[in-house]
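As a plain string of letters, each chain reads:
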Amino acid sequence: MRSQNFIFSEKRRDRILRHILFWVVWGGYFMLMHMATPMMGPEVSNFRNVPFTATESFLFLLLQLPITYLTLYFLLPMYFREKKLVKAIAWFVACWVIYYFIYQFILINAIPKILESVLPGKYLRHSQRPPEARFYIGLLAVFVGGFSSTAFAAGFKYLKQWYLKEQRNTQLQKENTEAQLQLLTAQVHPHFLFNTLNNIYSQAQEESARGSKMIMGLSDLLRYILLEGKKPLVPLDKELQMIKEYMHLEKNRYGDKLDLHYLIADATNDLYIAPLLLLPFIENCFRYSVNEMPEEPWINLTIELKNTSLSMKLLNGTTANGFGQHSGTGITDVKQRLELLYKDRYDLQTRDDDEVFIVDLKVELVKLEATNDTLNQTTTGLLYA
């Protein structure tokens, strides 16, 4: 397991160690091949002059590094990224031809001097090559050594990428299966909830007409939240109807204890709105106006339409400190949704004014055909406009 983690790790330290290990292994193999291929005739074996051959192999190996990494991280990605075969081949041929001439120049002019400076003379006497041999050594070093090192390195690189891709696909399949199971489980929960509410509603009809109406109203609200709340956009008339039902439910709950007035537009002009965008502000009013005020709680709500512009003015009485009116998870979330979905298309003002909390919201809505594709496209447009 440790070796597998090392081979496929993306950590910088492991990547550097892998490259070092590759060149050590490849360098040993290349040196053995070089020793077994003497270029001065069979009577002079490179195995009889190991210091010279090992040093020369190391210098050849250093010359393979730049072309290997140039091919690995520039030429091959050019083809796989841009899918332009002719361009990639042209670059490949040009780079390798230039590399060959640079290699020959260094082989003739630099490597002999380096060998003379680092090796004693006894190792050089049996290593003098005729000029024509250097040409073939250059060909072998470039097109056998260079090509081979590049091919092996590319093979390891793309084998690693293939393995990581397969691992990602396996993980995605696993996550997809888990998501499907969660979806099926989530579908069971609302089904059970609605069935239970229907049973309670049937029982309550026999004992309390008012209680049964409240249960049915709650059932409708939950159905809307669970089913419509997952959509990117919903018809405005559905959203406003849900708010009316919520207001009616709360009025039944508190009775004469709450002074509640609301005026909600009837004609919606076939407009669409993000679901559950207005409800958190209204729910917040009930929380702090009714639950926190011991005497004479009141709420006043007005929702109006002018062309495609929706305006909501919400007022409620507060305690002297008005603590918590501006906060809460629901209010924070809806502010973030407004910024994401209606950026530069909304204006939200909230303020405390002499024990009265005021929410003043204006939103530019959209009018469109009620299809899933257009709903999704419009939501995407709102997000990235």
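Residues numbered from 1 in each chain as written. Predicted model: local features only at pLDDT ≥ 70, side-chain atom pairs only at ≥ 80, totals over all residues. Heavy atoms only, no water.

**Concerning a negative patch on the surface**
Quick reminder of the rule: For patches, a residue must show more than 30% relative accessible area and have no salt bridge; joins then use 9 Å for like charges and 5 Å for nonpolar side chains, namely Val, Leu, Ile, Met, Phe, Trp and Tyr. Areas reported here follow the Shrake-Rupley algorithm with a probe of radius 1.4 Å; residue values treat only the protein chains shown as occluding. By salt bridge we mean one thing: a side-chain nitrogen of Lys or Arg within 4 Å of a carboxyl oxygen of Asp or Glu. When charges are tallied, Lys and Arg are placed among the positive residues and Asp and Glu among the negative ones, while His and the ends of the chain are skipped. By convention, the charge on Lys lies at NZ, on Arg at CZ, on Asp at CG and on Glu at CD. Segments assigned H or I by DSSP are reported as helices when at least four residues long, segments assigned E as strands when at least two residues long, and all are numbered from the N terminus.
A grouping of Asp 352, Asp 353, Asp 354 and Glu 355 is seen on the molecular surface, where their side chains present a negatively charged patch. Along the chain, the position of Glu 355 falls in the loop between β6 (346–352) and β7 (356–364).

**Comments concerning the sheet that holds strand β4 (residues 298–306)**
Rules: The pairing criterion is simple: DSSP has to find at least two bridges between the two strands. To obtain an axis, a line is fitted to C-alpha atoms, over the contacting stretch when the element is a helix, and the angle between two such axes runs from 0 to 180 degrees between their N-to-C directions.
Reading across the sheet, the 5 strands line up as β2-β4-β5-β7-β6 and stay open at both edges, with mixed pairing between neighbours. Whereas interior strands pair on both sides, the edge strands pair on one side only; in this sheet they are β2 (259–264) and β6. Strand after strand, the sheet turns through a mean of 5° between neighbouring axes, direction not considered. As paired elements, β2 and β4 share 6 bridges and run parallel to each other. Its bridge partner being in β4, Leu 263 is matched across the sheet by Thr 302.

**Side note on the pattern of salt bridges**
Our working definition: Note on exposure labels: buried denotes an accessible area under 20% of the residue type's maximum, exposed denotes more than 50%, and partly exposed covers the range between, all computed with a 1.4 Å probe on protein chains only.
A full pass over the atoms with the stated rule returns 6 salt bridges. Of the charged contacts in the structure, one is a salt bridge between Glu 339 and Lys 343, with a shortest N-O distance of 2.8 Å. Overall, the relative accessible area of 42% leaves Lys 343 in the partly exposed class. When salt bridges with common partners are traced through the structure, they connect Glu 228, Lys 231 and Lys 238 into a single cluster.

**Focus: the pairing of β7**
The element β7 is extensively covered by neighbouring structure, given that 7 of its 9 residues are classed as buried. Bridging between strand β5 (residues 309–317) and β7 involves 9 bridges; their strand directions are antiparallel. Bridge pairing in β7 places Ser 311 opposite Lys 362. With 7 bridges connecting them, β6 and β7 associate as antiparallel partners. When the sheet's bridge partners are listed, Asp 352 is paired in β7 with Phe 357.

**Overview of the side chain of Thr 150**
This is how it is decided: Two residues form a contact once any of their heavy atoms are found within 4.5 Å.
Mapped onto the elements of the fold, Thr 150 is located in helix α6 (residues 131–207). Looking at Thr 150, the relative accessible area reads 6%, which means it is buried. Setting aside anything within four residues of it in sequence, one finds Thr 150 in contact with Ile 67, Thr 68, Thr 71 and Trp 96.

**With respect to the confidence of the model for the chain**
To keep it simple, the criterion reads: The predictor rates its confidence in each residue with pLDDT, a number between 0 and 100.
On average, residues of the chain carry a pLDDT of 76, and 71% of them reach 70 or more. Mean pLDDT across the elements of the chain ranges from a minimum in helix α11 (residues 372–384), with 48, to a maximum in β4, with 93. Scored below 50 in pLDDT, residues 40–44 makes 7 contacts in the model with residues more than four places away or belonging to other chains. Segment residues 370–374 is flagged for pLDDT under 50; beyond a separation of four residues in sequence, or across chains, it makes 3 contacts in the model.

**Describing a nonpolar patch on the surface**
On the surface, a nonpolar cluster with roughly 550 Å² of combined accessible area is contributed by Tyr 79, Leu 85, Ile 89, Val 93, Val 97 and Phe 101. Per element, the largest residue contribution to the nonpolar patch is 5 residues, and it comes from helix α4 (residues 85–109). Residue position: Leu 85 is located in helix α4. The exposure class of Leu 85 is partly exposed, given its relative accessible area of 47%.

**Some details on the sheet that holds strand β3 (residues 271–273)**
Reading across the sheet, the 3 strands line up as β1-β3-β8 and stay open at both edges, with antiparallel pairing between neighbours. In this open sheet, the two edge strands, each paired with only one partner strand, are β1 (234–235) and β8 (366–367).

**Focus: the packing of aromatic side chains**
In plain terms, the rule: Two rings from Phe, Tyr or Trp (for Trp, the six-membered ring) form a pair when their centres sit within 6.5 Å of each other. Planes less than 30 degrees apart are called stacked, planes more than 60 degrees apart edge-to-face, and all others tilted.
Applying the stated criterion to the full structure yields 14 aromatic pairs. Between Tyr 69 and Tyr 73, the ring centres sit 6.0 Å apart and the planes meet at 15°, which makes this aromatic pair stacked. With a gap of 4 residues between them, Tyr 69 and Tyr 73 both fall in helix α3 (residues 50–82), about one helical turn apart. The class for Tyr 69 is partly exposed, based on a relative accessible area of 27%. On the basis of an interplanar angle of 80° and a centroid distance of 5.5 Å, the ring pair of Phe 74 and Trp 91 is categorised as edge-to-face.

**Some words on the packing of α4 against helix α5 (residues 111–118)**
To keep it simple, the criterion reads: When an angle is under 35 degrees it counts as roughly parallel; over 145 it counts as roughly antiparallel; between 65 and 115 it counts as roughly perpendicular; any other value is oblique. Following the grouping adopted for this structure description, the nonpolar residues are Ala, Val, Leu, Ile, Met, Phe, Trp, Tyr, Cys and Pro, the charged ones are Asp, Glu, Lys and Arg, and the polar ones are all others, Gly among them.
Running from N to C, α4 and α5 point in directions that differ by 40°, and their axes come no closer than 4 Å. Comparing their axes, α5 and α4 come out oblique. Packed against α4, whose contacting residues are Ile 106, Leu 107, Ile 108 and Asn 109, the element α5 presents Ile 111, Pro 112 and Lys 113 at the interface. By residue class, the composition of the contact of α4 with α5 is 5 nonpolar, 1 polar and 1 charged.

**Topic: the layout of surface pockets**
Left-over empty space is what a probe sized like a water molecule reveals as it rolls over the atoms. Formally: Only protein atoms enter the calculation, which uses a 1 Å grid: trapped sets of points that fit a 1.4 Å probe without letting it out are cavities, open sets showing protein on both sides within 12 Å along at least five of seven lines are pockets, and any residue with an atom within 4 Å of a point is a lining residue. Grid points are joined across faces, edges and corners, and a volume is the space filled by probe spheres set on the points.
Each pocket or cavity is described by its volume, and for the largest pocket that value is around 700 Å³. Together, 25 residues line the largest pocket, and Arg 18, Phe 22, Ala 153, Phe 156 and Lys 157 are the ones closest to its centre. Taken together, the elements giving at least two residues each to the lining of the largest pocket come down to α1 (2–8), α2 (12–35), α3 and α6. No other element matches α2, which puts 9 residues into the lining of the largest pocket.

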